[in-house]
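Single-letter residue listing:
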Amino acid sequence: MLKNIKKLSNKTLIYPIVAFFGIVYLLRMFLNHPWYDELYTYYSFISKGPIYAAIHWPLPNNHMGYSALAACFGIFGQATIALRGVSFIAATLNIYLIYKLSEKLVEKYSLIPPVLYGTMFLVHNISVQGRGYTLATTCYLVALLSMYMICSEEKAKRRYYILFAGALSFSAYILASSAFFIVPVCLTGGLYLLINKKYKTLLRLVMAGVVAGLIAMFLYSVVWLAIGSNLLSKTDGSGFTGVYQISIIKEAPIKALSTGIEYMLATPYIQSIERSEVISGMFGYLSTLFGQYYSGLGEAIVIFLLVVLVLSIVCVIKKKESFLEMFLLVSIVMLPVMLIIQSQQPYYRVFSYFGVVVALSFSKMLNQLKIPKSIAYIIALLLLVLLFTPDYMAPMASRENDIYEASELLAANKEPLGEGDTILYADDYQKYVFKFYYDLDLEEKPMGEAKYIFLPKDLNGVWPMLFDENNFDFDSLNNCYEEVAATAQYTVYSLK
């Protein structure tokens, strides 16, 4: 069998690999129901259309570029496609883009990075989520491929500069945390061209980077104007109370802009911590991060990357560096450096893109150790089994699924939820679930007036609970309502 595989070219084998991951992502897209952050994104932004999603930023939890693009998929009239369709396309495309990058950097082992990347738990877990992380990785890969072509060709085509600038600017619009890969990407290209004395190409690359920054600044300026004008129109004493937002932007654009910037800067998604704490906790943080790639291997991956870093430095010192060594050196060094500079320990999902670095590092070592391709293929095939283990197939949602189940039980036992129904919300999950599954915006009513109550059995649960055991009116519940459905986590009550 292995002899037959050897006869097949990597260019032939990559298509069934991409198709395999595409099928896995498609099944995951529809069978593994969305969790809170996804439902919040759909309810607050995607369901309200692309223009609304593109300019509204009440909280950092809106990945604007993703939400705006996903809202365009609303034309299909199906909530799952609108929420996750963009991520599905991006996740499948990423497998192919990593192959194309590997084909240029580790030609012999070019099939290994796509499989390594696709079987990382963190990557798989966010693959089709209705969030911006997977799409940001697509931009990262497009920028890397474009930059490689710019660095390797004597006179790179203009389209590579356009793709480079476009990918960087859009990734910044999707996620502000894209800075974690934007900076290393730009440094990699700049240092490689500088060392190889390609000064004209370096100047063009810098200009493309400046253009990318200006485009990103323009996109955010529109958002800042929208935020600022909205705040000014609602703030007493601002001089613009009750004035239409467009009028405020026309009359006082600078004030609206500065107000929007101040609001965004004052509402960080990830709080800063003491720099000394970041430094002292670096090994533990990175070990836990990489343990999210492959369980139990976090510390081993940190040590492995340090070995790759040393080998890459040696190549650069001996002036035998290739684009790959420069990329790995800069990427590995800049991860802890940027964490220290920003004094932050972001959510691990922010670094799902770094799976590309780890996958290429592993392929570099395979090449360094001259491991036979047949052995590498066996490793890849064994890794694919991970996708069907309980951890990888576990549901992303729990309480959200229970609300949906309770809604279905209500429909079976009494009647389905419908327009005009009213509810007393006991937590934030419910309105998001009703919007996603039933396209309902149920009117909220107080106890005694609401037609339905979906009451969590544990009122002392974690955020975002709206009641607890001490402030919920159980007497009115018992007098005015009757139980009509129940699940493991929720009891549904109907007004008598």
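Residues numbered from 1 in each chain as written. Predicted model: local features only at pLDDT ≥ 70, side-chain atom pairs only at ≥ 80, totals over all residues. Heavy atoms only, no water.

Peer 1: I'd love a proper account of the packing of aromatic side chains, names of residues and values included.
Peer 2: All told, the structure shown has 38 aromatic pairs when counted by the stated rule. Residues Tyr148 and Phe323 carry aromatic rings whose centres are separated by 5.3 Å and whose planes lie at 85° to one another, so their mutual orientation is edge-to-face. A residue pair is termed long-range when its members are at least 10 positions apart, and Tyr148 in helix H9 (residues 133–152) and Phe323 in helix H18 (residues 323–342) qualify at 175 residues. For the pair Tyr148 and Phe323, a shared accessibility class is recorded, and that class is buried. An aromatic cluster is defined as three or more aromatic residues linked by ring pairs; in this entry it consists of Tyr140, Phe180, Phe181, Tyr285, Phe290, Tyr293, Tyr348, Phe351, Tyr353 and Phe354. The residue whose ring lies beneath Arg159 is Tyr160, and the NZ or CZ to ring-centre distance is 5.1 Å. (Phe/Tyr/Trp six-rings, centres within 6.5 Å; stacked < 30°, edge-to-face > 60°. Helix = DSSP H or I, 4+ residues; strand = E, 2+ residues; numbered from the N terminus. Buried < 20%, exposed > 50% of the residue type's maximum accessible area, 1.4 Å probe, protein only. Lys NZ or Arg CZ within 6 Å of the ring centre and 35° of its normal.)

Peer 1: Can you explain the nonpolar core? Please cite residues and give values.
Peer 2: One finds Phe290, Tyr293, Phe351, Phe354 and Phe454 to be the most contacted residues of the largest nonpolar core, which totals 140 residues. Sorting elements by how many residues they give to this core places H9 first, with 14 residues. Beyond its immediate sequence surroundings of up to four residues, Phe351 is in contact with Leu122, Phe180, Tyr285, Leu289, Tyr293, Leu335, Leu339 and Pro346. With 11 residues, the next largest nonpolar core counts Leu424, Ala450, Leu459 and Met465 among its residues. (Core = buried A, V, L, I, M, F, W, Y, C linked by side-chain atoms within 4.5 Å. Contact = heavy atoms within 4.5 Å.)

Peer 1: If you had to explain the layout of surface pockets to someone new, which residues and values would you point to?
Peer 2: Its volume calculated, the largest pocket comes out at about 860 Å³. Elements supplying a minimum of two residues to the lining of the largest pocket: helix H10 (158–174), helix H11 (179–195), helix H12 (199–234) and helix H14 (253–265). Looking at which element gives the most residues to the lining of the largest pocket, the answer is H12, with seven residues. (1 Å grid on protein atoms, 1.4 Å probe; cavity = no way out; pocket = protein on both sides within 12 Å on 5 of 7 lines; lining within 4 Å. Points joined across faces, edges and corners; volume = space filled by probe spheres on them.)

Peer 1: Would you mind going over the packing of helix H2 (residues 10–31) against helix H6 (residues 79–105) in detail, with residue names and values included?
Peer 2: The contact between H2 and H6 brings their axes to 10 Å, and the two run at 160°. Taken together, the axes of H2 and H6 lie roughly antiparallel to each other. The two elements H2 and H6 cross, and the hand of that crossing is right-handed. Residues that form the contact of H2 with H6 fall into these classes: 15 nonpolar, five polar and four charged. (Axes fitted to C-alpha atoms, helices over the stretch in contact; angles between N-to-C directions. Parallel < 35°, antiparallel > 145°, perpendicular 65-115°, else oblique. Left-handed = near helix turned anticlockwise from the far one by under 90°. Nonpolar A, V, L, I, M, F, W, Y, C, P; charged D, E, K, R; others polar.)

Peer 1: Mind laying out the state of the cysteines, listing which residues take part and the relevant values?
Peer 2: Disulfide: a covalent bond formed between the sulfur atoms of two cysteine residues. A full pass over the atoms with the stated rule returns zero disulfides. Of the cysteine sulfurs around Cys186, a residue in no disulfide, the closest is that of Cys151, at 11 Å. Summary of cysteine pairing: Cys315 is not part of a disulfide, and the nearest cysteine sulfur, belonging to Cys151, is at 17 Å. Residue Cys315 is classed as buried on the basis of its relative accessible area, which comes to 19%. (Disulfide = S-S within 2.5 Å.)

In short, shape yes, function no, at least from these values alone.
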